[in-house]
Amino acid sequence: MRAVVLNAAGIPEPAKISEPEGPEVLRVLACGLCGSDVEKIGSPSAGVVLGHEVVAETDKGRRVALVHHAPCGECERCRAGHESTCAEFAGATIEPGGFAERVTARAGWVDLPDRVDDALGSYAEPLACVLRGAERVPPGDVLVLGGGFVGRLFEAVLTRRGDTVYVHDRDPKRNGPEAAGLVGAAVVCAPGAGEDALAAVEPGGTVLVFAAAGPLDSDEVYRRELTVTGSRSATRRYLEEAVALLPELDLPEPLVLPLERFDEGLAAYRNRGALKVVFRP
Ligand SMILES: [Zn+2]
Ligand SMILES: [Zn+2]
């Protein structure tokens, strides 16, 4: 089958690979390009097929969003709500990866309603991650650092629950209105924006770290009694919530391209020409 595969230098290339094997093989309909995929490009990982924001069709013709990870659900970390740190969580559950014609998905899937098309359905996975992260953000005035796709998801989710949301981005095209003063909470969606987040919150405020935030001044955390908390990835429950919520949110349109034009999509993501790129095999 056709796929986009990383070569020995970590460069994505079109390739023919063998079919995945498992009890049920699904036909990929769409797969979103995630910032975490882009980070892996260029690091030597020959043979890897990226892509985890997958909408596929089952044997029975059902359109589904695939579950990306499977925590054990029973260990202490799982029970404490830190499922993404469970020892079983790291393993790949979508084989070989979403940038291919067909996949297996051992962690299962969630049915998509008809009114969610394939490309929008691929937003379910990143939205699930955002819904889980948003639970750690206290309600009120929230500054989102990073106006890319994930920042826009946070903006939509937090606005919907009644927060006043500001979005800051170094790129003026992605920057929103400025907060008049300090805010109750900040969400770090842009790499290295941790210090900006600490400086933006009022005493007693909360910073949600949702990207590699860079060094943080712990003296500030101490003196101003800040709460710094992290959230990464999601679980099935949030994917179900995300699928139900998708039609209700006002989200940016994706650039949808055939998988053959992967390079073009990657370039559009990198040069900020597109907020979100979705490929169809
Ligand atoms: Zn992702
Ligand atoms: Zn566990």
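Scoring rules and cut-offs
Residues numbered from 1 in each chain as written. Chains lettered and ligands numbered in written order. Predicted model: local features only at pLDDT ≥ 70, side-chain atom pairs only at ≥ 80, totals over all residues. Heavy atoms only, no water. Helix = DSSP H or I, 4+ residues; strand = E, 2+ residues; numbered from the N terminus. Contact = heavy atoms within 4.5 Å. Core = buried A, V, L, I, M, F, W, Y, C linked by side-chain atoms within 4.5 Å. Buried < 20%, exposed > 50% of the residue type's maximum accessible area, 1.4 Å probe, protein only. Donors = N, O, S within 2.8 Å, 3.2 Å for Na, K, Ca; no water. Tetrahedral: all angles 85-135°; square planar, octahedral: opposite > 155°, others 65-115°. Patch = residues over 30% accessible without salt bridge, like charges linked within 9 Å, V, L, I, M, F, W, Y side chains within 5 Å. Areas by Shrake-Rupley, 256 points an atom, 1.4 Å probe, with all protein chains shown as cover. Salt bridge = Lys/Arg side-chain N within 4 Å of Asp/Glu carboxyl O. Lys, Arg positive; Asp, Glu negative; His and termini not counted. Charge placed at Lys NZ, Arg CZ, Asp CG, Glu CD. Axes fitted to C-alpha atoms, helices over the stretch in contact; angles between N-to-C directions. Parallel < 35°, antiparallel > 145°, perpendicular 65-115°, else oblique. Left-handed = near helix turned anticlockwise from the far one by under 90°. Nonpolar A, V, L, I, M, F, W, Y, C, P; charged D, E, K, R; others polar.

Caption draft 1: Representation of the side chain of Thr-206. Within the secondary structure, Thr-206 is located in strand S12 (residues 201-209). Among all residues touching Thr-206, those that are not within four sequence positions of it are Arg-136, Pro-138, Gly-184, Ala-185, Ala-186, Val-201, Thr-227 and Thr-229.

Caption draft 2: Region of interest: the nonpolar core. With 44 residues, the main nonpolar core has Leu-127, Phe-154 and Val-187 as its most contacted residues. Sorting the residues of this core by element identifies strand S3 (26-32), helix H4 (124-134), strand S9 (141-145), helix H5 (149-160), strand S10 (164-168), strand S11 (183-188) and helix H8 (236-245) as the ones contributing at least two each. It is H4 that provides the largest number of residues to this core, a total of 7 residues. The contact partners of Leu-127, leaving out residues within four places of it in the chain, are Leu-153, Val-157, Ala-242, Leu-245, Leu-246 and Leu-249. Of all hydrophobic cores here, the second largest spans 31 residues; its members include Val-64, Trp-109, Leu-257 and Phe-262.

Caption draft 3: Focus on the coordination of the zinc ion (ligand 2). Each protein donor to the zinc ion (ligand 2) is listed here as Cys-72 (SG), Cys-75 (SG), Cys-78 (SG) and Cys-86 (SG); together their distances run 2.3 to 2.4 Å. Bound by 4 donor atoms, the zinc ion (ligand 2) shows angles of 105 to 115° at the metal and therefore tetrahedral coordination geometry. In primary-sequence terms, the residues that donate to the zinc ion (ligand 2) follow C-x2-C-x2-C-x7-C.

Caption draft 4: Up close: the coordination of the zinc ion (ligand 1). Coordination of the zinc ion (ligand 1) by the protein comes from Cys-34 (SG) and His-52 (NE2), over a distance range of 2.1 to 2.4 Å. One end of the pair, Cys-34, is in the loop between S3 and helix H1 (35-40); the other, His-52, is in the loop between H1 and strand S4 (53-57), with 18 residues separating them in the sequence. Relative accessible area serves as the criterion here: at 16%, Cys-34 is assigned to the buried category. The buried category is assigned to His-52, whose relative accessible area is 8%.

Caption draft 5: Inspection of a negative patch on the surface at higher detail. Taken together, the side chains of Glu-195, Asp-196, Asp-217 and Asp-219 make up a negatively charged region of the molecular surface. Examined against the element boundaries, Asp-219 turns out to sit in helix H7 (residues 218-223).

Caption draft 6: How the structure looks around the packing of H4 against H8. It is at 8 Å that the axes of H4 and H8 come closest, and there the two elements cross at 110°. Taken together, the axes of H4 and H8 are roughly perpendicular relative to one another. At the point where H4 passes H8, the crossing takes the right-handed sense. Judged by residue contacts, Ala-124, Glu-125, Leu-127, Ala-128, Leu-131 and Arg-132 of H4 engage Tyr-238, Leu-239, Glu-241, Ala-242, Val-243 and Leu-245 from H8. The residue makeup of the contact of H4 with H8, split by class, is 9 nonpolar, no polar and 3 charged.

Any functional reading would require information that these geometric values do not contain.
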